[in-house]
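Secondary and tertiary structure notes
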Amino acid sequence: MDEKGLVCGLDFDTGILTNYTDKIERRLKDMKGFFLDEEGADEEVLIYEVFAVSAPKEEGQLSYATTIIYPGKIGQEFFMTKGHYHRKEGAAEVYVCLGGKGILLIQTKDGKVSHIEMEKGTVGYVPPHHAHRTVNVGKDNFVFLAVYPSDAGHDYGEIEEKGFSKIVVEEDSVVDGGVKIKDRPKD
Ligand code: S6P
Ligand code: ZN
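These remarks concern the structure in this document. All values reported here derive from a predicted model rather than from experimental measurement.

With that settled, the discussion passes to unusual backbone geometry. A negative phi holds for most residues other than glycine; trans holds for most peptide bonds. A positive phi angle, close to 55°, is found at N19, a residue other than glycine. Mapped onto the fold, N19 is located in the segment before β1 (22-27). The exposure class of N19 is exposed, given its relative accessible area of 51%. The backbone of H129 shows a phi angle near 70°, a positive value even though the residue is not glycine.

Shown next, in the form of structure tokens:
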């Protein structure tokens, strides 16, 4: 980011934003309970990274971030983000896929899930009041840019407790690349 916060570079190959202001690394150990079957998985494995250019958390300001989700699975579930509602529930968001193959899950407050298949050039819209999670269902890094109100915030609590109503898994029996979106089993 330049000194006035007006310009930043984006490496389209890696997804890294030059001069990012915040970086998050999420390993399995940072996501306890988000995957259904962690048994035997390496808790140090790097699931995803986020590079954010954060403007002041004021009404009217926009921030943006790239997320790089690495390929892999924990149990049958593909590597994915934690997923969240925005703390400011009326805040929407735009996702632009820069590379790889992913699924954007979008869930209403009462648990109805829609999904968008993301590949390079797909633009997805997350409406206000919806939880959102991204999943890498490909063999390469899944990379996307998100643009959101700076004061949107993250509310992970409900997802941490209940998950999404749908999970994204690999099943050998499925013809189309083995990717299946199915109901989350009841505890
Ligand atoms: C922020 C936006 C993304 C995510 C990022 C990681 O509103 O939706 O930048 O923060 O993809 O996901 P999560 O669920 O761990 O914050
Ligand atoms: Zn968000």
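The next subject is the pattern of salt bridges. Counted under the stated rule, the structure contains 14 salt bridges. Salt-bridge contacts for K109 lead to E158; the nearest nitrogen and oxygen are separated by 3.8 Å. Taken together, the residues span a long stretch of sequence, with K109 in the loop between β7 (101-107) and β8 (113-119) and E158 in helix α1 (residues 157-162) at a distance of 49 residues. Note on K109: relative accessible area 40%, which makes it partly exposed.

Let us look at the sheet that holds strand β2 (residues 46-53). Strand order across the open sheet formed by six strands is β1-β2-β3-β11-β6-β9, with antiparallel pairing between neighbours. Looking along the sheet, the strands with just one partner apiece sit at the ends: β1 and β9 (123-126). Adjacent strand axes in the sheet meet at a mean angle of 20°, parallel and antiparallel pairs treated alike. Bridge count between β1 and β2: six bridges; the pairing is antiparallel. Note on β2: the bridge partner recorded for I24 is V50.

Every one of the 17 residues lining ligand 1 counts as a neighbour, but Y48, T67, E93, Y95 and Y156 are closest to it. At 2.7 Å from an oxygen atom of ligand 1 is found a side-chain nitrogen or oxygen belonging to Y95. Within the side chain of Y156, one N or O atom sits 2.5 Å away from an oxygen atom of ligand 1. Taken together, the residues of the shell around ligand 1 sort by class into seven nonpolar, seven polar and three charged.

Attention shifts here to the nonpolar core. Formed by 34 residues in total, the largest nonpolar core has its most connected members in F35, I47, Y95, V135, V137 and V168. Looking at this core, the elements with two or more residues in it are β2, β3 (62-69), β6 (93-99), β7, β10 (131-136) and β11 (142-149). If we skip the residues at most four places from it in the chain, Y95 touches L104, M118, T122, V123, G124, V126, H132, T134, F144, L145 and A146.

What counts and what doesn't
Sequence order as written defines the numbering, with residues in each chain counted from 1. The naming scheme follows written order: chains are lettered A onward, ligands numbered 1 onward. Reporting of local features is limited, given that this is a predicted model, to residues whose pLDDT is at least 70; pairs of side-chain atoms are given and counted only at 80 or more, and all residues count toward the totals for whole chains, interfaces and linings. No hydrogens and no water enter the side-chain calculation; it runs on all heavy atoms of the structure. For the purposes of this entry, the term helix denotes a DSSP run of H or I that reaches at least four residues, the term strand denotes a run of E that reaches at least two, and both are numbered from the N terminus. Think of it in three bands: with a 1.4 Å probe and only protein chains considered, a residue is buried below 20% of the maximum accessible area for its type, exposed above 50%, and partly exposed in between. We count a salt bridge whenever a side-chain nitrogen from Lys or Arg sits within 4 Å of a carboxyl oxygen from Asp or Glu. For two strands to count as paired, DSSP must find a minimum of two bridges between them. Note on geometry: axes are lines fitted to C-alpha atoms, helical ones only across the stretch in contact, with angles between N-to-C directions running from 0 to 180 degrees. One heavy atom within 4 Å of a molecule or strand is enough for the residue carrying it to be called near that molecule or strand. Polar contacts, as used here, are pairs of N or O atoms within 3.5 Å; protein pairs need one atom able to donate a hydrogen and one able to accept it. Residues neighboring in sequence count only if both atoms are side-chain atoms. Under the scheme applied here, ten amino acids are nonpolar (Ala, Val, Leu, Ile, Met, Phe, Trp, Tyr, Cys and Pro), four are charged (Asp, Glu, Lys and Arg), and all others, including Gly, are polar. Joining through side-chain atoms within 4.5 Å is the link that ties buried Ala, Val, Leu, Ile, Met, Phe, Trp, Tyr and Cys residues into a set, and such a set is a nonpolar core. Whether two residues are in contact is decided by their heavy atoms, any of which lying within 4.5 Å being enough.

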